[in-house]
Amino acid sequence: MNIKTLFVKLSLILIIGIYSQARAQGVKWTKDGTSYYQVSNGEIVSITLPKNERKVILSRSLLASANLNTNIKSFEISEDGAKVLIYTNSKKVWREETRGDYYVADLKSNQVIKIGAGKPASSLMFAKFSPDGNKVAYVSKNNIYVDDLNDKSSKALTKDGTDRLINGTFDWVYEEEFFCRDGFRWSPDGQSIAYWQLDAAKTKNFLMINNTDSIYPFTIPVEYPKVGENPSSCKVGIVNIATAATSWLKIPGDLIQNYIPRMEWIPNTNEVILQQLNREQNQSKIYVANALSGAISNILTETDKAWIDPTKGWDWINEGKEFIWTSDKDGWNHVYRISKDGKKQTLITKGDYDVIQQLLIDEKTGYLYFTASPSNATQKYLYKTKLGGGAKLEMVTSSIFPGSHDYDISPNGLFARHTYQSSTIPPLTEWMRFTTLTPLTMEGSVTNQLGRIKPQKNKVEFFKVTTEDGVEMDGWMKKPDNFDQTKKYPVVFYVYGEPWGQTAADTWGVEQNRLYTGDMAKDGYIYISLDNRGTPTPKGREWRKSIFQKIGTLNIRDQAMAAKKIITWPFVDKNRIAVWGWSGGGSSTLNLLFQYPDIYQTGIAIAAVANQLTYDNIYQERYMGSPLKTTEAYTKGSPINYAKFLKGNLLYIHGTGDDNVHYQNAEMLINELIKNRKVFQLMSYPNRTHSINEGTGTSEHLALTFTQFLQKNCPPGGK
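Named according to an unreviewed UniProt entry, the chain is Dipeptidyl-peptidase-4 originating from Pedobacter metabolipauper.

Structure follows, in structure tokens:
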């Protein structure tokens with residue numbers, strides 16, 4: 001159901017919470033914010049602004065002297081700048097390449113040593129320096145280790161790790177739905193480590209079957225908690241580096257019926273702060289625990305009738321006396337400053353708009369910088385307001401650049417990398433002095449780059465449509481080339497429709513469909529996508545959370561009622577209406593085709609959840625409520641229960657090795673369609689995952705299958 005497939009990553013904004021995005025891919029700033037590091041031609045360099053002065057930090061020759069002639073996946077510089085921790089030979093765990101090999105290059109002694117010597121190849125995870133740079137801690141085979149760089153010793157800090165007792169990292173569902181991967185944190189004094197321990201012993205295995213890689217098939221077990229199944233037991237421990245003894249934080253509440261999605265040390269203290277969400281994820285409690293005494297207190301509690309998202313973390317201000325907190329409790333996603341004991345709360349941002357992403361807390365000038373879009377939910381701009389609260393909202397990005405803007409700002413607020421794009425402007429990047437918002441060079445400025453872009457002949461058009469229910473939806477449309485308004489054209493709707501993704505964003509390439517072999521506009525299709533209620537657009541809490549317990553009903557009606565308006569447009573052929581989507585979009589496609597067969601004649605559903613009771617507990621229970629009370633909402637929202645109403649043309653596509661949305665969804669749906677004597681097309685991809693991109697020829701075959709079915713059942717061209 002999640003929008004974390006390869007395709008969706010190319011076209012949509014990913015979110016944690018309501019919108020928190022990872023900052024524009026990767027500026028690794030130095031501590032003082034005047035330079036940044038990067039990998040260049042196999043070595044690590046620093047580039048000092050504003051003159052782009054280049055200095056080699058780690059040379060190829062030093063790497064070669066240790067026979068380390070390999071790609072650098074990522075790296076970390078020690079606090080004193082004397083050592084570099086190199087990550088390489090990375091391998092996938094589930095979604096990301098989070099295990100591999102680590103090496104430390106000592107820049108003073110010109111020596112390179114391997115971390116975790118003797119451990120299996122590519123088995124180390126999340127290695128990081130101690131605060132003093134003299135040790136490196138890491139996870140291997142679900143245990144935490146620490147290597148001393150001075151005496152070359154290695155110590156196991158935990159020894160009880162197994163496939164199901166997980167120290168310092170997470171189980172499948174925590175990774176998939178909470179984005180929890182790195183599961184341990186060095187204390188500020190380097191004397192201890194705080195870490196998660198998950199006990200997944202009682203989580204049942206889902207067995208995927210591999211029929212092709214040997215004469216006799218074999219099963220692939222994935223520990224996967226389905227809707228209604230208990231989560232893993234979760235707790236947080238503090239392990240002493242010297243003694244390897246762990247003390248467990250006495251966090252109130254049942255270890256199984258509560259989640260701990262976020263935890264970190266409070267800077268310059270021996271205290272840990274963490275967020276606990278209850279099983280239904282509609283109550284958030286923030287605890288502060290003293291790692292030495294074990295004392296723990298609940299400083300902040302928030303509830304919601306729908307759900308509460310995991311926090312992105314805590315930013316501390318006022319010498320650690322306050323932290324910055326984001327909440328939509330007043331109806332909009334706003335930023336608060338909260339005292340360490342939780343007793344004093346000050347609203348920093350105020351008004352009928354959502355804070356999309358917090359970018360910089362500048363205590364020197366007293367400003368908070370963030371992205372927002374109060375007047376156009378398809379776009380994104382930089383704003384600022386006073387940290388003290390009560391001040392007006394000030395737009396920082398120039399309004400002469402309509403579209404979407406991202407900023408990666410240096411820690412001291414001196415410099416930034418600014419990226420601008422829109423549906424008609426490819427991503428343009430400029431380096432700028434953030435204090436004056438001026439480009440470092442006019443040659444490299446966005447303004448200068450814009451002057452070299454050739455205007456598009458057939459631009460994406462953004463529009464709004466108001467349904468008969470009074471719901472106003474944003475959408476975009478790409479008309480055919482050589483459009484003739486006297487003719488009628490087929491429409492292909494691209495849909496997602498769930499709380500994980502926005503499709504109607506004013507970004508470059510939003511109208512591109514990688515599954516179509518050819519050019520949809522040239523061939524004569526109108527291509528459209530709209531955002532229904534429940535999608536994470538900056539339109540307030542009610543817009544986003546109105547979908548609670550209504551996935552598969554409210555979002556489907558919004559999409560269908562918008563399509564009902566669109567098919568009355570004079571240039572639209574109401575008899576050639578197609579819809580397609582992937583993952584949650586595949587589910588939406590099935591529901592639209594089944595529930596509104598008089599609007600949609602053709603549908604292509606990929607990797608869809610046909611039965612919501614088959615999906616994981618964290619995602620589905622968050623948005624659909626507890627199945628332990630009632631499964632009525634799950635039944636109403638599941639496409640399988642409407643399959644009998646199919647009238648049009650359906651192509652269903654799924655990978656049999658999908659560990660996210662299991663292939664059992666396909667088989668359950670197939671059975672229901674067969675029972676009701678509904679003829680459809682099926683394409684199964686053996687052992688392919690949720691992204692269906694593994695194996696020679698797979699992506700090309702998928703695109704050919706998609707295109708041929710669409711062209712046959714929803715022919716292109718004006719009539």
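There is more to say after this.
## Things to note about the pattern of salt bridges
Summed over the entire model, instances satisfying the criterion amount to 33 salt bridges. In this structure, the salt-bridge partner of lysine 479 is glutamate 461, at a minimum N-O distance of 3.5 Å. One end of the pair, lysine 479, is in the loop between strand S37 (472-478) and strand S38 (489-494); the other, glutamate 461, is in strand S36 (residues 461-466), and 18 residues separate them in sequence. A relative accessible area of 33% means that glutamate 461 is categorised as partly exposed. The residue arginine 541 makes a salt bridge to glutamate 542 at a minimum N-O spacing of 3.7 Å.

## Regarding the environment of proline 538
For proline 538, the location among the structural elements is in the loop between strand S39 (526-531) and helix H6 (541-545). Exposure remark for proline 538: the relative accessible area of 9% places this residue in the buried category.

## Thoughts on the nonpolar core
Within the largest apolar cluster, 48 residues are counted, with the highest numbers of intra-cluster contacts made by Tyr174, Trp196 and Leu249. When neighbours within four sequence positions are excluded, tyrosine 174 is seen to be in contact with Phe179, Cys180, Leu198, Cys234, Asn258, Tyr259, Ile260, Pro261 and Ile618. With 45 residues, the next largest nonpolar core counts Ile528, Ala608, Tyr663 and Phe680 among its residues.

## Observations concerning unusual backbone geometry
Where the residue is not glycine, phi is negative for most of them; where a peptide bond is considered, it is trans in most cases. Backbone torsion omega between leucine 49 and proline 50 reads 10°, so that peptide bond is classified as cis. As for its placement among the helices and strands, proline 50 is situated in the loop between strand S3 (43-48) and strand S4 (53-58). Its identity is not glycine, yet lysine 152 carries a phi of approximately 60°, on the positive side. Mapped onto the elements, lysine 152 comes out in the loop between strand S11 (143-148) and strand S12 (154-156). Unusually for a residue other than glycine, glutamate 319 sits at a positive phi of about 55°. Residue placement: glutamate 319 occurs in the loop between strand S24 (315-317) and strand S25 (322-327).

The rules behind the values
Residue numbers run consecutively from 1 along every chain, following the written order of its sequence. The model is predicted, so local features are restricted to residues of pLDDT at least 70 and side-chain atom pairs to those at 80 or more, both for listing and for counting; the totals for chains, interfaces and linings are taken over all residues. Here the side-chain values reflect all heavy atoms present in the structure, with hydrogen atoms and water set aside. By definition, a salt bridge exists where a carboxyl oxygen of Asp or Glu is found within 4 Å of a side-chain nitrogen of Lys or Arg. By the criteria applied, helices consist of DSSP H or I runs no shorter than four residues and strands consist of E runs no shorter than two, each listed in order from the N terminus. Note on exposure labels: buried denotes an accessible area under 20% of the residue type's maximum, exposed denotes more than 50%, and partly exposed covers the range between, all computed with a 1.4 Å probe on protein chains only. Nonpolar cores were defined as sets of buried Ala, Val, Leu, Ile, Met, Phe, Trp, Tyr and Cys residues, with membership established by side-chain atoms within 4.5 Å. Contacts are residue-level and defined by heavy atoms, with any inter-residue pair within 4.5 Å sufficient.

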